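Residues per chain, in single letters:
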Amino acid sequence: MSAEAADREAATSSRPCTPPQTSWFEFLLEEALLEQHLQKPSPDPPPVQLIVQFLEQASKPSVNEQNQVQPPPDNKRNRILKLLALKVAAHLKWDLDVLEKSLSVPVLNMLLNELLCISKVPPGTKHVDVDLSSLPPTTAMAILLYNRWAIRTIVQSSFPVKQPKPGPPQLNVMNQMQQEKELTENILKVLKEQAADSILVLEGALKLNKDLYVHTIRTLDLLAMEPGMVNGETESSTAGLKISAEEIQCQVCYDLGAIYFQQGATNAAVHENAKEKFFKTKELIAKNGSSSLHFTIDEERLAGYCQACGVLTSSSDDASQQATPYSQIHSCMKSGNYQDLVKIFLEDNLTLSLPVQFRQSVLRELFQKAQQGNDALDEVCFKVCVCNTVCDVLQGRIIDIQFCQLFLKPSKEKIDFLLEVCSRSINLENTTEALKRKMASFLKNLCLDLEDLQLVFMISSHELFIKLLKDDERKLLIDQMRKRSPRINLCTKPVTSFYDIPASPSVNIGQLEHQLILSVDPWRIRQILIELHGMTSERQFWTVSNKWEVPNVYGNVILGIKDNLTRDLVYILMAKGLHCCAIKDFVHAKQLFAACLELVTEFSPKLRQVMLNEMLLLDIYTHEAGAGASGERPPSDLISRVRGYLEMRVPDIPLRQVIAEECVAFLLNWCENEYLTMQVPLPLVQTNPYVKLGQLLAATCKELPGPKESRRTAKDLWEVVVQICSVSNQHKRGNDGRVSLIKHRESTLGIMYRSELLSFIKKLREPLVLTTILSLFVKLHNVREDIVNDIAAEHISIWPSSIPNLQSVDFEAVAVTVKELVSYALTINANNHFWLIIQADIYFATNQYSAALHYYLQAGAVCSDFFNKMVPPDVYTDQVIKRMIKCCSLLNCHTQVAILCQFLREVDYKTAFKALQEQNSHDAMDSYYEYIWDVTILEYLTYLHHKRGETDKRQIAIKAIGQTELNASNPEEVLQLAAQRRKKKFLQAMAKLYF
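Analysis parameters
- Residues numbered from 1 in each chain as written.
- Predicted model: local features only at pLDDT ≥ 70, side-chain atom pairs only at ≥ 80, totals over all residues.
- Heavy atoms only, no water.
- Helix = DSSP H or I, 4+ residues; strand = E, 2+ residues; numbered from the N terminus.
- Buried < 20%, exposed > 50% of the residue type's maximum accessible area, 1.4 Å probe, protein only.
- Contact = heavy atoms within 4.5 Å.
- Areas by Shrake-Rupley, 256 points an atom, 1.4 Å probe, with all protein chains shown as cover.
- Expected span 1.5 Å × (residues − 1).
- 1 Å grid on protein atoms, 1.4 Å probe; cavity = no way out; pocket = protein on both sides within 12 Å on 5 of 7 lines; lining within 4 Å.
- Points joined across faces, edges and corners; volume = space filled by probe spheres on them.
- Nonpolar A, V, L, I, M, F, W, Y, C, P; charged D, E, K, R; others polar.
- Salt bridge = Lys/Arg side-chain N within 4 Å of Asp/Glu carboxyl O.
- Polar contact = N/O pair within 3.5 Å; in protein donor to acceptor, adjacent residues only side chain to side chain.
- Phe/Tyr/Trp six-rings, centres within 6.5 Å; stacked < 30°, edge-to-face > 60°.
- Core = buried A, V, L, I, M, F, W, Y, C linked by side-chain atoms within 4.5 Å.
- Axes fitted to C-alpha atoms, helices over the stretch in contact; angles between N-to-C directions.
- Parallel < 35°, antiparallel > 145°, perpendicular 65-115°, else oblique.
- Left-handed = near helix turned anticlockwise from the far one by under 90°.
- Disulfide = S-S within 2.5 Å.
- pLDDT = per-residue confidence, 0-100.

Enquirer: Any chance you could explain the overall build of the chain here in plain terms?
Expert: If you tally the helices and strands in the chain, you get 47 helices and six strands. Burial status across the chain gives 46% buried among its 995 residues. Taking the intrachain contacts of the chain between residues at least 6 apart in sequence as the baseline, contacts between residues at least 24 apart amount to 66%. Surface summary for the chain: the accessible area is close to 51,900 Å², and the carbon and sulfur share equals 52%.

Enquirer: Which parts of the structure should I look at to understand helix H38 (residues 767-783)?
Expert: For an α-helix, 3.6 residues make a turn, and residues three or four places apart therefore share a direction. Look at H38: 24 Å from first C-alpha to last across 17 residues, which is about the 24 Å you get at 1.5 Å a residue. For H38, the tally of buried residues reaches 15 of 17 residues, placing the bulk of the element in the interior.

Enquirer: Where do I start with empty space enclosed by the protein in this structure?
Expert: Any space left empty among the atoms is revealed by the rolling of a water-sized probe across them. Tallying each qualifying case throughout the model produces six cavities of 30 Å³ or more. Counted as a void, the second largest cavity has a volume near 70 Å³. Around the second largest cavity, the lining residues are His894, Thr895, Ala915, Leu916, Glu918, Ser921, Met925, Tyr929, Leu941, Leu944, His945 and Arg948. Those elements giving two or more residues to the lining of the second largest cavity turn out to be helix H43 (894-901), helix H44 (909-917) and helix H45 (935-948). For the lining of the second largest cavity, the element with the highest residue contribution is H45, accounting for four residues. In the lining of the second largest cavity, the residues fall into six nonpolar, four polar and two charged.

Enquirer: Quick question: what am I supposed to make of the pattern of salt bridges here?
Expert: Pairing of side chains with opposite charge becomes possible as their charged atoms draw close. Summed over the entire model, instances satisfying the criterion amount to 30 salt bridges. Between Arg524 and Glu531 there is a salt bridge whose closest N-O contact spans 4.0 Å. Given the relative accessible area of 26%, Arg524 is considered partly exposed. Judged by its relative accessible area of 32%, Glu531 is partly exposed. Residues participating in the shared-partner salt-bridge network are Asp97, Glu100, Arg148, Arg152 and Asp255.

Enquirer: What is the right way to look at the side chain of Ser775 in this model?
Expert: Within the element layout of this structure, Ser775 appears in helix H38. A residue is classified by how much of its surface remains accessible, and Ser775, at 1% relative accessible area, is buried. At 3.0 Å, the side chain of Ser775 and the side chain of Trp799 are in polar contact. With sequence-adjacent residues up to four places away left out, Ser775 is seen in contact with Ala793, Glu794, His795, Ile796 and Trp799.

Enquirer: Before we go on, may I ask you to explain the packing of aromatic side chains in this structure?
Expert: Any two aromatic rings considered together are summarised by their centre-to-centre distance and by the angle between their planes. Inspection of every chain in the model, using the stated rule, returns 18 aromatic pairs. Between Phe903 and Phe986, the ring centres sit 6.1 Å apart and the planes meet at 55°, which makes this aromatic pair tilted. Separated by 83 residues along the polypeptide, Phe903 in the loop between H43 and H44 and Phe986 in helix H47 (residues 972-994) bring together distant segments of the chain. Judged by relative accessible area, which is 13%, Phe903 ranks as buried. On the basis of an interplanar angle of 75° and a centroid distance of 6.0 Å, the ring pair of Tyr928 and Phe986 is categorised as edge-to-face. You can see Tyr928 sitting in the loop between H44 and H45 and its partner Phe986 sitting in helix H47, a full 58 residues away along the chain.

Enquirer: What am I meant to see in the nonpolar core here?
Expert: If you look at soluble globular proteins, the nonpolar side chains tend to sit buried side by side. One finds Phe777 and Tyr876 to be the most contacted residues of the largest nonpolar core, which totals 164 residues. Element by element, the count of residues in this core is highest for helix H28 (residues 564-582), at ten residues. The residues contacting Phe777, other than those within four sequence positions of it, are Val721, Cys725, Leu757, Ile761, Val814, Thr817, Val818 and Leu821. Ala85, Val121, Leu144 and Ile154 belong to the second largest nonpolar core, which has 75 residues in total.

Enquirer: Can you walk me through the packing of helix H31 (residues 636-647) against helix H32 (residues 657-669) in this structure?
Expert: In a pair of packed helices, the angle between the axes and the distance between the axes together describe the arrangement. Look at H31 against H32: their axes get within 10 Å of each other, and the N-to-C directions meet at 135°. Viewed along their axes, H31 and H32 adopt a mutual orientation that is oblique. Of the two possible hands of crossing, H31 and H32 adopt the one that is left-handed. For the pair H31 and H32, the contacting residues are Leu638, Ile639, Val642, Tyr645 and Leu646 in the first and Ile659, Ala660, Cys663, Val664, Phe666 and Leu667 in the second.

Enquirer: Help me understand unusual backbone geometry in this model?
Expert: Most peptide bonds take the trans configuration, and most residues that are not glycine carry a negative phi. Its identity as a non-glycine residue notwithstanding, Cys671 has a phi of 55°, on the positive side. Structurally, Cys671 is set in the loop between H32 and helix H33 (673-679). The partly exposed category is assigned to Cys671, whose relative accessible area is 44%. Despite not being glycine, Asn892 shows a phi value in the positive range, around 60°.

Enquirer: Is there a simple way to think about the layout of surface pockets in this case?
Expert: One number sums up the size of the second largest pocket: a volume of about 640 Å³. For the lining of the second largest pocket, the secondary structure elements donating two or more residues are helix H6 (105-118), helix H7 (137-157), helix H8 (171-193) and helix H9 (195-205). With six residues, H6 is the single largest residue contributor to the lining of the second largest pocket. In terms of residue class, the lining of the second largest pocket is made up of eleven nonpolar, eight polar and five charged.

Enquirer: Where do I start with the environment of Thr771 in this structure?
Expert: Of note, Thr771 is situated in helix H38. Note on Thr771: relative accessible area 7%, which makes it buried. Sequence separation between Thr771 and Glu794 is 23 residues; the distance between their C-alpha atoms is 7.1 Å. Setting aside residues up to four positions removed in sequence, Thr771 forms contacts with Glu794, His795 and Trp835. Engagement of the side chain of Thr771 in a polar contact is seen with the side chain of Trp835, the distance being 3.2 Å.

Enquirer: In this structure, what is going on with the state of the cysteines? I would like to understand it.
Expert: Should the sulfur atoms of two cysteines be covalently bonded, the bond is a disulfide. For the coordinates displayed, the defined rule picks out zero disulfides. You can see Cys250 has no disulfide; the closest cysteine sulfur is in Cys253, sitting 7.3 Å from it. Its relative accessible area of 2% is what places Cys250 among the buried residues.

Enquirer: Would you mind showing me how to read the side chain of Asn832 here?
Expert: Positionally, Asn832 belongs in the loop between helix H39 (811-828) and helix H40 (833-845). By relative accessible area, Asn832 is classed as buried at 14%. Of note is the side chain of Asn832, whose polar atom sits 3.1 Å from the backbone nitrogen of Phe834.

Enquirer: Explain helix H20 (residues 412-424) here, please?
Expert: For H20, with 13 residues, the first-to-last C-alpha span of 18 Å sits near the 18 Å given by 1.5 Å per residue. Here H20 has its buried residues at Ile415, Phe417, Leu418, Leu419, Val421 and Cys422. Considering only its buried residues, H20 is in contact with helix H16 (338-351), helix H18 (377-394), helix H21 (433-449), helix H22 (453-460) and helix H23 (463-468).

Enquirer: What's the story with the packing of H7 against helix H11 (residues 245-263) in this structure? I'm lost.
Expert: Direction vectors running N to C along H7 and H11 enclose 30°, while the axes themselves pass 9 Å from each other. Between H7 and H11, the interaxial angle falls into the category roughly parallel. When you trace H7 past H11, the crossing you get is left-handed. Listed contacts from H11 to Met141, Leu144, Arg148, Ile151, Arg152, Ile154 and Val155 of H7 are Ile248, Gln251, Val252, Asp255, Ala258, Ile259 and Gln262. The class makeup of the residues in the contact of H7 with H11 is nine nonpolar, two polar and three charged.

Enquirer: For this particular structure, what's the right way to read the confidence of the model for the chain?
Expert: Should pLDDT be low for a region, the predicted coordinates there are not to be read in detail. When the pLDDT values of the chain are averaged, the result is 79; 82% of them are 70 or greater. By mean pLDDT, the top-scoring element of the chain is helix H41 (residues 849-862) (94), and the lowest-scoring one is helix H1 (residues 3-13) (37). In this model residues 1-29 is a low-confidence stretch, pLDDT under 50, and it forms 48 contacts with partners more than four residues away in sequence or in other chains. For residues 226-237, every residue scores under 50 in pLDDT, and the model assigns this stretch 18 contacts once sequence neighbours within four places are set aside.

Next comes the structure, spelled out in structure tokens:
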């Protein structure tokens, strides 16, 4: 025996039978709890949570004098606590059902390991290697209990678990739950690895054929005594609670069946083993009776297992196979015998033995197969759906939506089958009146829903219909159908032919409302509303669809119209027109608005002007999406109408802000700067923020080519935007008396909110306007004191270089706005090199060096025909080149750094030499030497490789120097041409790398 095993055995054998008097805690637990709850007769079992308390106390780690965490000590206190936990479980007769419901996997694992330890199972020994027949009964039972629990835990872990609703987040509770979850997963992993051994142990237990004993409180007390006081009683066959061999076999068979059934999901042959075990369990329960078992078995679950195994396994007994409809359905689905499948469902409509969930699952599987391209299943789906629907009707359930969908286009064949199912699902001689009324109501409603008269006649003339409905009910049904059209004369007897019978008024109203929702023809909408108002005067038909939305400024005027029909028509025409505008269906929007304009012109000048304004906005949208997108200027008439709207002075006209916004954006996009600057009325500038913003933008764009002194409007525009981007600070005194500063992101100090300004800018497409507003925000971004890397932009010099109240500006919002504006601008023109440089600078400032290089290279590529021409010096300035150098350096591409140092007006030899000294380079290194044209750098490379003993690389550098076009005696034009050629090749290579 190993030292560890000897220590464990010695600790086990030396456990005391009475609590030590040195601790009130042990005395309280054993005497007050166990004597009161366990040894005294009580109708209620003790709380299982005592096991948790005892084991948690026993497993608490200790801390030594050096504050180091040590494992729980094996002292008297901890041994008593573990013994108390075992006694509680013994009082519960080791019922795993009770223990598993109340204890977590880690706690139950600890408890059963303690049981193995106290039952003298050698630690470290594989249970599969132990002969159970040679062990004491309690030891063998402890091994069986542990392995049964292991199998049950594996099976239980495969079931879905409903997650509890999380309460208020508490860090300590969350940490504890996470630790328990990780511990459970680790235990499950070990149990699954040992599952094969556990199965072999349980299979071996089935061969024992002898009674076993499980520990009781008394035997646990005996085990805790000193070795000299036991007298060998616990080793005898009579110690503990007797469990008969039949009861053991029953439980073990059930647990083995469960694990075999779970494994059958990946190995169908294992289902046979599961079936054998479950049926054996059923036989043992029938033989001994479930009441005699110390361990309960869920007989409902067992019956479900048996039924599932009967379906999933083939049986040689044809009679038993035919006994269950589940087996027959499974066989039909597997073989594709759908005719018999429908027959089974039809027969079950009389017996109603199949659960509704099972019926629905079969129908879902059929629908899935049909959707995968098996068109032949459409008819089968319909027939099974009809069987399910009639079953639902007879059981008083709501008719499923699938039946309604399949009956959207009824036919003679469908009605024939439906009537057959109804006839075969009810026995009129023996059935109850309640079932008859349900079937009669179903057939009557079906008649009222059908529009095809021939189909109605098929139902109303059927024998079942005549037997189920009384004469007065049939007369009432005929009256209801007559109301559909007064010109139809119906008799009460079945006839061979009918004229078309219109739907009932309620059905007609629903159908007309449905058509009203779908229609975009203004004259059809008017006709439908006239019909609806002729049927009922109580409804407000503008509320039929919650998708019909009209701005509040218009809604108040429209809903004030006294005539109900006119009010509904105006509201619906406008709502549908606005919806068509939103989805860019401008043709139908124009028709709807034109009809609405014609209607309101007769009685409301106010609404007439509203419709003229909306039609102006529609014309702007139409031009911008059509001819304007290709660069064609708008007609002069449209420009005049836009100006007229801005100058309009009609009182009490409800106006939408978006129209003014679109009009100003329209004028800016088509460079109507002269009008916005000089001709817009002053009151309009003072009252409409978009007009004021447009005027300032137009004036600034006009003055851009002019002298610096004339850029007063640039300063005015700057102040307006700064105010919009400022935050309003408020001071608030807290409970502790200190004053705190509160910042409001959306300031009300400016002429509009920042989000409104951003929305307006995203309507602009004119490059000069976009460049102007973009450079303003870039300058505002650069003004902040803690800025490290400025962003470059065109025309940035026209803006002021400082702000009086720097703390009031929300620079975080400014940075976000700059990013959004650049992204939007590049959607307008992805080849604008100045905008690409701004995007690159933004990525550079935010340490995204690879992305920055991408946009720096893209900016150079778009203005040089992919570097086939020289990149303009105002694009690749020294600042841009230096930032490209820094990007390459931080990406550890040091050879690229040295090459880029040549691009500067004055070659930066210090940086180039330092970069070449780096040996840990992530670029192609010597393969880039052919792109170096500066002889000094090449000579340094030659020296560096010679010093390092890198002969091959030194030869590459010497070869690069030796090219005749780099000879210093060459004319300047030749040297520049050589440099330009190498620049081109290098930049193209870089572009392929980063694009």
